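Residues per chain are reported as follows:
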Amino acid sequence: GVNDSPDHLAGIARLAQRLPRLVGFEVMPYHPLGEAKLARLGREGSARPRPPTPAAAAVAAWLAALRRLGVPLVNEDAF
């Protein structure tokens, strides 16, 4: 719901085409690593709401779309 629109995925494909030495892209879930830093800075309430972990079917659809667009992928089963 944040960066998984068809236009965004097509943009990833265009970027991949411009990077001939690219090994591959990795689809990764949201990671709350930065939230601890916000807390240390006293800005806990200023962070936007944490996105939910996407369903496996959604991730599979993203990966399939990227494959169709010719995007090289790595660690496809790590999600």
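Our subject in this report is the structure included herewith.

Cut-off values and rules
Residues numbered from 1 in each chain as written. Predicted model: local features only at pLDDT ≥ 70, side-chain atom pairs only at ≥ 80, totals over all residues. Heavy atoms only, no water. Helix = DSSP H or I, 4+ residues; strand = E, 2+ residues; numbered from the N terminus. Buried < 20%, exposed > 50% of the residue type's maximum accessible area, 1.4 Å probe, protein only. Contact = heavy atoms within 4.5 Å. Areas by Shrake-Rupley, 256 points an atom, 1.4 Å probe, with all protein chains shown as cover. Lys, Arg positive; Asp, Glu negative; His and termini not counted. Charge placed at Lys NZ, Arg CZ, Asp CG, Glu CD. Expected span 1.5 Å × (residues − 1). Arc of directions from axis to C-beta. Core = buried A, V, L, I, M, F, W, Y, C linked by side-chain atoms within 4.5 Å. Salt bridge = Lys/Arg side-chain N within 4 Å of Asp/Glu carboxyl O.

Quick word on the overall build of the chain
Each helix and strand in the chain was counted, giving three helices and zero strands. Start at the N end of the chain and walk to the C end: the helices and strands fall as α-α-α. Over its C-alpha atoms, taken along the principal directions, the chain stretches across nearly 45 × 30 × 25 Å. Taken over 79 residues, the chain has a buried fraction of 18%. Put simply, of all contacts in the chain between residues at least 6 apart along the chain, 62% involve residues at least 24 apart. Total accessible area on the chain stands at roughly 6100 Å², and carbon and sulfur atoms take up 56% of it. Side chains of the chain carry 10 positive and 7 negative charges; the gap between the two charge centres is 7 Å.

Topic: the environment of V2
Considering the arrangement of structural elements, one finds V2 in the segment before α1 (6–17). Spatially, the C-alpha atom of V2 lies 16 Å from that of E26, the residues being 24 residues apart in sequence.

Points about α1
For an α-helix the count is 3.6 residues per turn, leaving residues at separations of three or four pointing the same way. A rise of 1.5 Å per residue sets the reference length of α1, with its 12 residues, at 16 Å; its end C-alpha atoms lie 17 Å apart and thus fit the reference within 8%. Listed in full, the buried residues belonging to α1 are L9, I12, A13 and A16. Along the axis of α1, the buried positions cluster into a sector of 100°, meaning they face one direction only. Exposed and facing more than 90 degrees away from the buried side of α1 are D7 and Q17. Contact partners of the buried residues in α1: α3 (56–68).

As for unusual backbone geometry
The phi dihedral of N75 is positive, around 50°, even though this residue is not glycine. In this structure, N75 sits in the segment after α3.

Side note on the nonpolar core
Ranked by size, the top nonpolar core spans 11 residues in total: L9, I12, A13, V27, V59, W62, L63, A65, L66, V71 and L73. Sorting the residues of this core by element identifies α1 and α3 as the ones contributing at least two each. Among the elements that take part in this core, α3 stands out by supplying five residues, more than any other.

Overview of the pattern of salt bridges
Per the counting criterion, the structure on display carries one salt bridge. Between R67 and E76 there is a salt bridge, with the nearest N and O atoms lying 2.7 Å from each other. For R67, a relative accessible area of 44% puts it in the partly exposed group. Exposure remark for E76: the relative accessible area of 34% places this residue in the partly exposed category.

Examining the environment of A60
Here A60 is to be found in helix α3. Its relative accessible area of 43% is what places A60 among the partly exposed residues.

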